[in-house]
Amino acid sequence: MLYSTDLTNSRWQYIVKILNDQRKRKYSLRRILDTLFYLNKTGCQWRMLPKTYPPFGICFYYYRQWTKKGTWHKINKALVQLYREKQGRKASPSLGIIDSQSIKNSAWG
């Protein structure tokens, strides 16, 4: 691991089941995901990625494909559930709260 945003082995084992892709690549899917998590956490521009990550074009391609296919949503949901379970909570929340003040001030209200 080079950065704090890089996937741990346990998280990667959880995600690799979702991806279910055994194809050989020049850049591993794990490294591409590490790049996407780094971008998300730091707010870095695509073209300003550190050289330790794969080229931004490849990472952006996978991001777009995973977003279109719903894979990115599945990965996010799986990681949230894993985190909740490790905290001793149910995988899915059982309650949601909406702040009426937020609703009133929104563009829709």
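Because the structure is a prediction, the values reported are computed rather than measured.

Time to look at the overall build of the protein chain. Scanning the protein chain from N- to C-terminus turns up 5 helices and 0 strands. For the protein chain, the sequential pattern of α-helices and β-strands runs α-α-α-α-α. Residue pairs in contact within the protein chain that sit at least 24 positions apart in sequence constitute 52% of those at least 6 positions apart. Accessible surface for the protein chain amounts to roughly 8500 Å². Of this, 52% is attributable to carbon and sulfur atoms.

As a volume, the largest pocket reaches approximately 560 Å³. Around the largest pocket, the lining comprises 22 residues; the ones closest to its centre are Thr5, Phe37, Asn40, Asn76 and Leu79. Listing elements by their share of the lining of the largest pocket, those giving two or more residues are helix H1 (9-19), helix H2 (29-42) and helix H4 (71-86). Considering each element in turn, the lining of the largest pocket owes the most residues, 8 residues, to H4. Its residues assigned to classes, the lining of the largest pocket shows 12 nonpolar, 6 polar and 4 charged. Considering only enclosed or pocket space, the second largest pocket measures out at about 220 Å³ in volume. With 5 residues, helix H3 (residues 56-69) is the single largest residue contributor to the lining of the second largest pocket. For the lining of the second largest pocket, the per-class residue count stands at 6 nonpolar, 2 polar and 4 charged.

In this structure the tally under the stated criterion is 3 salt bridges. Here Arg31 and Asp6 are joined by a salt bridge, their closest N and O atoms 3.5 Å apart. In this pair, Arg31 sits in helix H2 while Asp6 sits in the segment before H1, placing the two residues 25 residues apart along the sequence. Since its relative accessible area comes to 4%, Asp6 is described here as buried. Arg31 serves as the salt-bridge partner of Asp34, at 3.1 Å between the closest nitrogen and oxygen. Here Arg31 and Asp34 lie together in helix H2, a separation of 3 residues that amounts to about one turn. A cluster of three or more residues bridged by salt bridges with shared partners is formed by Asp6, Arg31 and Asp34.

In this structure, Asn20 takes a positive phi of about 45° despite not being glycine. Relative to the helices and strands, Asn20 is located in the loop between H1 and H2. On the basis of relative accessible area, Asn20 is assigned to the exposed category, the value being 61%.

Moving on to the packing of aromatic side chains. Each aromatic ring pair is characterised by the separation of its centres together with the angle its planes make. According to the stated counting rule, one finds 9 aromatic pairs in the structure shown. Centroid distance Tyr62 to Trp66: 5.4 Å. Interplanar angle 45°. Geometry classified as tilted. In this pair, Tyr62 and Trp66 are both assigned in helix H3, 4 residues apart and thus about one turn of the helix distant. By way of ring pairs, the aromatic residues Phe37, Trp46, Phe60, Tyr63 and Trp72 are connected into one cluster.

Rules used in this analysis
Residues numbered from 1 in each chain as written. Predicted model: local features only at pLDDT ≥ 70, side-chain atom pairs only at ≥ 80, totals over all residues. Heavy atoms only, no water. Helix = DSSP H or I, 4+ residues; strand = E, 2+ residues; numbered from the N terminus. Contact = heavy atoms within 4.5 Å. Areas by Shrake-Rupley, 256 points an atom, 1.4 Å probe, with all protein chains shown as cover. 1 Å grid on protein atoms, 1.4 Å probe; cavity = no way out; pocket = protein on both sides within 12 Å on 5 of 7 lines; lining within 4 Å. Points joined across faces, edges and corners; volume = space filled by probe spheres on them. Nonpolar A, V, L, I, M, F, W, Y, C, P; charged D, E, K, R; others polar. Salt bridge = Lys/Arg side-chain N within 4 Å of Asp/Glu carboxyl O. Buried < 20%, exposed > 50% of the residue type's maximum accessible area, 1.4 Å probe, protein only. Phe/Tyr/Trp six-rings, centres within 6.5 Å; stacked < 30°, edge-to-face > 60°.

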